[in-house]
Protein chains: 2
Amino acid sequence: MKLYMTQNSGNAYKVRLLLSMLNVPYEKSMVDFPGGEHKKEPFLKLNPRGQVPVLEDGGRVLWGSTACLVYVARKHGGDTWLPTDPAGMAEVAQWLELAQNELHYGLQWARGVKTGIRKVGSYEEYQGYGNAGLALLEGRLKNNEWLALGRPTVGDVACYPYVSVSPEGGFKLENHPAVTAWTKRFEALPGWVKRL
Amino acid sequence: MKLYMTQNSGNAYKVRLLLSMLNVPYEKSMVDFPGGEHKKEPFLKLNPRGQVPVLEDGGRVLWGSTACLVYVARKHGGDTWLPTDPAGMAEVAQWLELAQNELHYGLQWARGVKTGIRKVGSYEEYQGYGNAGLALLEGRLKNNEWLALGRPTVGDVACYPYVSVSPEGGFKLENHPAVTAWTKRFEALPGWVKRL
């Protein structure tokens, strides 16, 4: 298995985390983000969206962090990280969905503005959206150790990266004690790895 | 089963489409969007995100269009609309993910600006993002009748609504003939229903 990633991509970090937690051997392929490699051929042949992560496995190519998480979880994690019963799978999917919405377009885009990667858009808007995401997580984690099913799932893996770096976007994790405690629990899981 | 929806929500329309296509009986509960019912109690008890769709089934409450699609597909559609093998599920998940990204934050937000629902943000940015989504769909559908697995899946259900109304956001579907043909194929599926 080969994971195409960049140094800073939180979306690639999600896949790297799950591969490590499930102890799946893989090769890293670093994509030159500052050089725009992801927006040129031959990378666009792999992923016409021009983004990382991309996962290659025996000729199969998958793009998109959620799709990669689903693939790795179903192939190597049994039902533990992503079950297939309707209610269990849907409960996990709620948090995969939050990661693709309030966390990406709120936490991450606000961080993009603060760090200068993102040149357009309204910081206040992203901040509001990100804070709504954090409030939702706080409400859930106040009475639950994990986001879904009472155990770590790909829902936690998908939500953790952009939450953990949200202070770089001006978000105050100290105002969200249950979220903070959850990030610590997540970082104590076997196989957790740091960002690059 | 009870579906909380609003007249205009494309995300609720996704769930309504799948319920109809799978011939699942359900009750509609119309949420007063102009009156802001979705942002007040008691609705926030059901969904602290303050959005439709919400699906209630025997005491279980699910929010988020993707989670609702996953639930309905797995409960009533067998492996046809959302399989559970790693490669099949991940292939469908790619399109669920596109629907939550380029299509929602591109096609739909551009439409929001055009129709006056959305007061902030850059139309040009959303337009660029939406056009990238349409180009990706066109590339895929040029040689494939359906987005994943050679058959209709929840990937098509998730992508169809905001594509079909994208002309209201200033997008030119006539420049994307394979996408246009796919919307017609989708509309010919048994159980397809119009927007409200």
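The structure displayed is predicted, hence computed values, not measured ones.

### Focus: the sheet that holds strand β3 (residues 54–57) of chain A
Residue and element names in this part refer to chain A.
Line of reasoning, step 1. The strand order β2-β1-β3-β4 describes an open sheet built from 4 strands, whose pairing is mixed. Taken across any chain shown, the strands that pair with only one partner, and hence form the sheet edges, are β2 (27–30) and β4 (60–63). Pairs of neighbouring strands in the sheet enclose a mean axial angle of 20 degrees, with direction left out of account.
Line of reasoning, step 2. Where β3 lies against β4, 4 bridges are found, and the strand directions are antiparallel. Following the sheet pairing, Leu55 is matched in β4 by Leu62.
Line of reasoning, step 3. Sitting on the sheet, helix α1 (residues 10–21) is in contact with β1 (2–5) and β3, with an inclination near 150 degrees to β1.

### Describing the domain arrangement of chain A
All names here are of chain A.
Line of reasoning, step 1. Under the domain assignment, chain A is made up of domain 1 (2–76) and domain 2 (86–187).
Line of reasoning, step 2. The gap between the C-alpha centroids of domain 1 and domain 2 is 21 Å.
Line of reasoning, step 3. Each partner contributes to the interface: domain 1 provides 9 residues, whereas domain 2 provides 9 residues.
Line of reasoning, step 4. Mapped onto the side of domain 1 that touches domain 2, the elements with two or more residues apiece are α1 and α3 (65–76).
Line of reasoning, step 5. For the side of domain 1 that touches domain 2, the leading source of residues is α1, giving 5 residues.

### Here we look at the relation of the copies chain B and chain A
Line of reasoning, step 1. Superposition of chain B onto chain A requires a rotation of 180 degrees combined with a translation of 0.0 Å along the rotation axis, giving an RMSD of 0.0 Å. One copy is carried onto the other by what is essentially a two-fold rotation axis. In terms of C-alpha distance to the rotation axis, chain B has Gly121(B) as its closest residue, with the C-alpha 2.8 Å off the axis.
Line of reasoning, step 2. Mapped onto chain A, 100% of the interface residues of chain B again fall at the interface, so both copies present the same surface.

### As for the sheet that holds strand β3 (residues 54–57) of chain B
Residues and elements named next belong to chain B.
Line of reasoning, step 1. Strand order in this open sheet of 4 strands is β2-β1-β3-β4, and the pairing throughout is mixed. Among the strands making up the open sheet, the edge pair consists of β2 (27–30) and β4 (60–63). Strand-to-strand twist of the sheet, defined as the mean angle between neighbouring strand axes without regard to direction, takes the value 20 degrees.
Line of reasoning, step 2. Strand direction decides the pairing type here: strand β1 (residues 2–5) and β3, joined by 3 bridges, are antiparallel. Residue pairing in the sheet places Leu3 in a bridge with Leu55 of β3.
Line of reasoning, step 3. Sheet strands in contact with helix α1 (residues 10–21) are β1 and β3, and its direction is about 150 degrees off that of β1.

### Some points on unusual backbone geometry
All names here are of chain A.
Line of reasoning, step 1. Look at the link from Glu41 to Pro42: it is a cis peptide, with omega at 5 degrees.
Line of reasoning, step 2. Here Pro42 lies in the loop between β2 and α2 (43–46).
Line of reasoning, step 3. Look at the link from Val52 to Pro53: it is a cis peptide, with omega at 5 degrees.
Line of reasoning, step 4. Summarising the element assignment, Pro53 is placed in the loop between α2 and β3.
Line of reasoning, step 5. Of note in the backbone geometry, Leu149 takes a positive phi value of approximately 65 degrees without being a glycine.
Line of reasoning, step 6. Topologically, Leu149 is positioned in the loop between α5 (123–141) and α6 (154–164).
Line of reasoning, step 7. By C-beta crowding, Leu149 is classed as partly exposed, having 19 other C-beta atoms within 10 Å.

Calculation criteria
Residues numbered from 1 in each chain as written. Chains lettered and ligands numbered in written order. Predicted model: local features only at pLDDT ≥ 70, side-chain atom pairs only at ≥ 80, totals over all residues. Pairing = 2+ DSSP bridges. Helix = DSSP H or I, 4+ residues; strand = E, 2+ residues; numbered from the N terminus. Axes fitted to C-alpha atoms, helices over the stretch in contact; angles between N-to-C directions. Contact = placed C-beta atoms within 7 Å. Domains from an automatic or database assignment. Least-squares fit on C-alpha atoms with pLDDT ≥ 70 in both. Buried ≥ 20, exposed ≤ 12 C-beta atoms within 10 Å, placed from the backbone.

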